[in-house]
Every structure is written in C-alpha cells, then in structure tokens.
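# Examining the three-dimensional arrangement
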Protein chains: 2
Amino acid sequence: MAKDKYHELVKHSLEKEGWTITDDPLYVDTQRRKVKIDLAAERLIGAEKEGEKIAVEIKSFINLSQVYDFYRALGQTLYYSMALEFVESDRVLFLAIPDDTYFDFFSEPITQEIIKRFSIRLIVYSIIDEKIVEWKK
Amino acid sequence: MAKDKYHELVKHSLEKEGWTITDDPLYVDTQRRKVKIDLAAERLIGAEKEGEKIAVEIKSFINLSQVYDFYRALGQTLYYSMALEFVESDRVLFLAIPDDTYFDFFSEPITQEIIKRFSIRLIVYSIIDEKIVEWKK
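Just so we're clear, the structure is a prediction, and the values are computed from it rather than from any experiment.

Let's shift gears to the overall build of chain A. Along chain A, the regular secondary structure elements total four helices and eight strands. In chain A, buried positions account for 36% of the 137 residues. Partitioning the intrachain contacts of chain A with sequence separation of at least 6 by distance along the chain shows that 61% fall at a separation of at least 24.

Here is the structure:
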C-alpha cells in the first residue's frame, strides 16, 4: 500500500539524519480519549536526537482531492499539538508532506497564510530521492 | 441520505429564526481555488438577517469516528475562515453540529480548548426538535 511506503520512507529519512525512532505508533493520551492513529497507516511517530524530541504526522496527500486531504491534515495537526501541550509539552510536532504537494498545493497564498497563522511545522520529503529535503520550523 | 436531511434541517431551523438563505451552496473564491463543497452534501451555505451575514458549515458527525469527523471539520472551518477573510471579511462563519455531538465529543477538555483557542463559532441544532438550541459566538 502506498501510504505504508511513505510511512517507511519518512522513518528511514529521519534515521539517515541521525534521528532514532522511539515510537511507532506514538500514542498521545488526551484524558478521556487515547489518540491511536493507525487507520490507513497514517500513524503518528515519535523520534529523538540529541535530547530533542519530535512527533511526526506523516501525510501522503495521495487522495484525489488535495484540499480535502489538507482539511484533515490541518485539523489533525492542531488536535495533536493541543494534545501534546497537555501531556508532553517538550515534544515538538511536525507535519511531513511530499515535496510535490509542498511546491503545488502548499504554495497557494491561502495555504501559506494558514501554515503561518497556526505555526504549522513542516518536514518536506522527496519520494524520488528518499530523503528529507526541507525542515520548516 | 442522512446528511441531506441534516442540511435541510439546519436551513429550515435558520429560517424559523428569521434568517434568509441566500446561497446554497455558498462559493468562496480563494484566488487559485474555487472552494465548491457539495461532496457528501456537506455544502457551505450563506444566510442573512437584518444586515448580518453568516456562512454555515453543516456537519452531521454521523461517521463512526467522531475524532476523524472533528479533524476534517476543524481543518475545513479554519480554511473557510481564512478564505472569507480574504474575500468577504464581513461574513461570519459558524460550524453547525448536532446537539448530541455537542454534549458528548465537544464537552471533552481538549475539544473545548481547541474551540476556544481557534475561536470556532458554533450553532448547535437538535435533530429531534428540528431547531437550533444554541449559538456559541
């Protein structure tokens, strides 16, 4: 399945940069609701490097509607950010997206404004080169 | 289809309160992308009353996973809010949700915190009484 491949690709790309994958999936306990996301292989993962802890939400954006994929990615990212603030505030959340989506959909003014306004941190990965091409913090 | 019923129910509930439905669906032009939402009958509508203009995103929350429904609703609401800021900043956006969802999922601390942090305005509607039971501005 394509989404699984993307998931593994991002994990390996992080490892190439010296990160250790500590949690796959990463569970974030939000009081009443344990957020367990493995539906459609879109799991949140946890990684560490030199004392820095991150959570990565890996998105493939392979559905027909990019805007629909974006609605869910945005909502999910903000929900996770809030959940992490509650339970593990030293872990920083990144949304990982493919480079073609980054240069296409994410270059639109409205998308850029949303990313800026809500301080969404991005990891841009290349499917062809199998590596991370940009960190947007 | 259930979603269509909810859509009509909210429209009629607004009319009962003296609103005129001006746009169904409401199109919001976001520069490159014309946001046209009629997939699964989850259309944005426009309404007016005494010079006040609103946009209403009607959600049924009838899927199995409330948290997944919420991700999309949240992302979509923030996207529309931004789009309206760009093109029609005097129109105020509301997210319409059923009362059972409001008293259940939306009462969780994390959901409440998100609603507050991102200033999401809600219309809570009753399916049984076929009317709006609360406006949360």
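Moving on, we get to unusual backbone geometry. Of note, the amide linkage connecting Asp-24 of chain A to Pro-25 of chain A takes the cis form, showing an omega dihedral of 5°. Its location among the elements puts Pro-25 of chain A in the loop between strand E1 (20–23) and strand E2 (28–30). Residues other than glycine seldom take positive phi values, yet Glu-50 of chain B does so here, at roughly 45°. As for its position among the elements, Glu-50 of chain B is in the loop between strand E4 (44–49) and strand E5 (52–58). Glu-50 of chain B sits in the exposed class, given 6 other C-beta atoms within 10 Å.

All names here are of chain A. Look at helix H1 (residues 2–16): 21 Å from first C-alpha to last across 15 residues, which is about the 21 Å you get at 1.5 Å a residue. Taken together, the buried positions of H1 are occupied by Tyr-6, His-7, Leu-9, Val-10 and Leu-14. Looking down the long axis of H1, one finds its buried residues gathered within 160° of arc, a one-sided arrangement. Every exposed residue of H1 that faces more than 90 degrees away from the buried side is listed here: Lys-5, His-12 and Lys-16. Looking at the buried side of H1, the elements it contacts are E1, strand E4 (44–49), strand E5 (52–58), strand E6 (91–98) and strand E7 (122–126). A positive backbone phi angle near 95° is found at Gly-18, which sits one or two residues after H1.

Now for the packing of helix H4 (residues 109–117) of chain A against helix H2 (residues 66–87) of chain B. Close contact between H4 of chain A and H2 of chain B brings their axes to 10 Å; oriented N to C, the two are set at 115°. Note that H4 of chain A runs across H2 of chain B; the crossing there is right-handed. Where H4 of chain A approaches H2 of chain B, its residues Ile-110, Glu-113 and Ile-114 of chain A are matched on the opposing element by Leu-78, Tyr-79, Met-82, Ala-83 and Phe-86 of chain B. Residue classes in the contact of H4 of chain A with H2 of chain B are distributed as seven nonpolar, no polar and one charged.

All names here are of chain A. An order of E1-E4-E5-E6-E7-E8 is seen for the six strands of this open sheet, with the pairing classed as mixed. Sheet topology places E1 and strand E8 (131–136) at the edges, where each strand pairs with a single neighbour. Within the sheet, the average angular offset between the axes of one strand and its neighbour, ignoring direction, is 35°. With five bridges joining them, E7 and E8 adopt antiparallel strand pairing. The partner of Ile-123 across the bridge, within E8, is Trp-135.

Okay, the sheet that holds E4 of chain B next. Residues and elements named next belong to chain B. The mixed open sheet is built from six strands, whose spatial order is E1-E4-E5-E6-E7-E8. Whereas interior strands pair on both sides, the edge strands pair on one side only; in this sheet they are strand E1 (20–23) and strand E8 (131–136). Strand-to-strand twist of the sheet, defined as the mean angle between neighbouring strand axes without regard to direction, takes the value 35°. Sheet topology places E5 next to strand E6 (residues 91–98); six bridges connect them, and they run parallel. Counted as the bridge partner of Glu-57 is Leu-95 from E6. The strands touched by helix H1 (residues 2–16) are E1, E4, E5, E6, strand E7 (122–126) and E8; relative to E5, the strand with the most contacts, the crossing angle is about 155°. Most of the contacts of H2 go to E6, to which it runs at about 165°, and overall it touches E4, E5 and E6.

Turning next to the relation of the copies chain A and chain B. Its rotation angle being 180°, the transformation that places chain A on chain B also includes 0.0 Å of axial translation and leaves an RMSD of 0.0 Å. Interpreted geometrically, this transformation is the action of a two-fold axis. Comparing contact sets, 100% of the residues at the interface of chain A also lie at the interface in chain B, consistent with an isologous, same-surface contact.

This part takes up the interface of chain A and chain B. The extent of an interface is frequently quoted as the accessible surface area lost upon association of the parts. The interface of chain A with chain B comprises 22 residues on the first partner and 22 residues on the second. Per element, the largest residue contribution to the side of chain A that touches chain B is 13 residues, and it comes from helix H2 (residues 66–87) of chain A. Among the residues making up the side of chain A that touches chain B, the classes are represented as 13 nonpolar, four polar and five charged.

Now for the environment of Asp-100 of chain B. Turning to its location among the elements, Asp-100 of chain B is positioned in helix H3 (residues 99–103). Taking the C-alpha atoms as reference, Asp-100 of chain B lies 25 Å from Asp-24 of chain B; in sequence the two are 76 residues apart.

What counts and how
Residues numbered from 1 in each chain as written. Chains lettered and ligands numbered in written order. Predicted model: local features only at pLDDT ≥ 70, side-chain atom pairs only at ≥ 80, totals over all residues. Helix = DSSP H or I, 4+ residues; strand = E, 2+ residues; numbered from the N terminus. Buried ≥ 20, exposed ≤ 12 C-beta atoms within 10 Å, placed from the backbone. Contact = placed C-beta atoms within 7 Å. Expected span 1.5 Å × (residues − 1). Arc of directions from axis to C-beta. Axes fitted to C-alpha atoms, helices over the stretch in contact; angles between N-to-C directions. Left-handed = near helix turned anticlockwise from the far one by under 90°. Nonpolar A, V, L, I, M, F, W, Y, C, P; charged D, E, K, R; others polar. Pairing = 2+ DSSP bridges. Least-squares fit on C-alpha atoms with pLDDT ≥ 70 in both.

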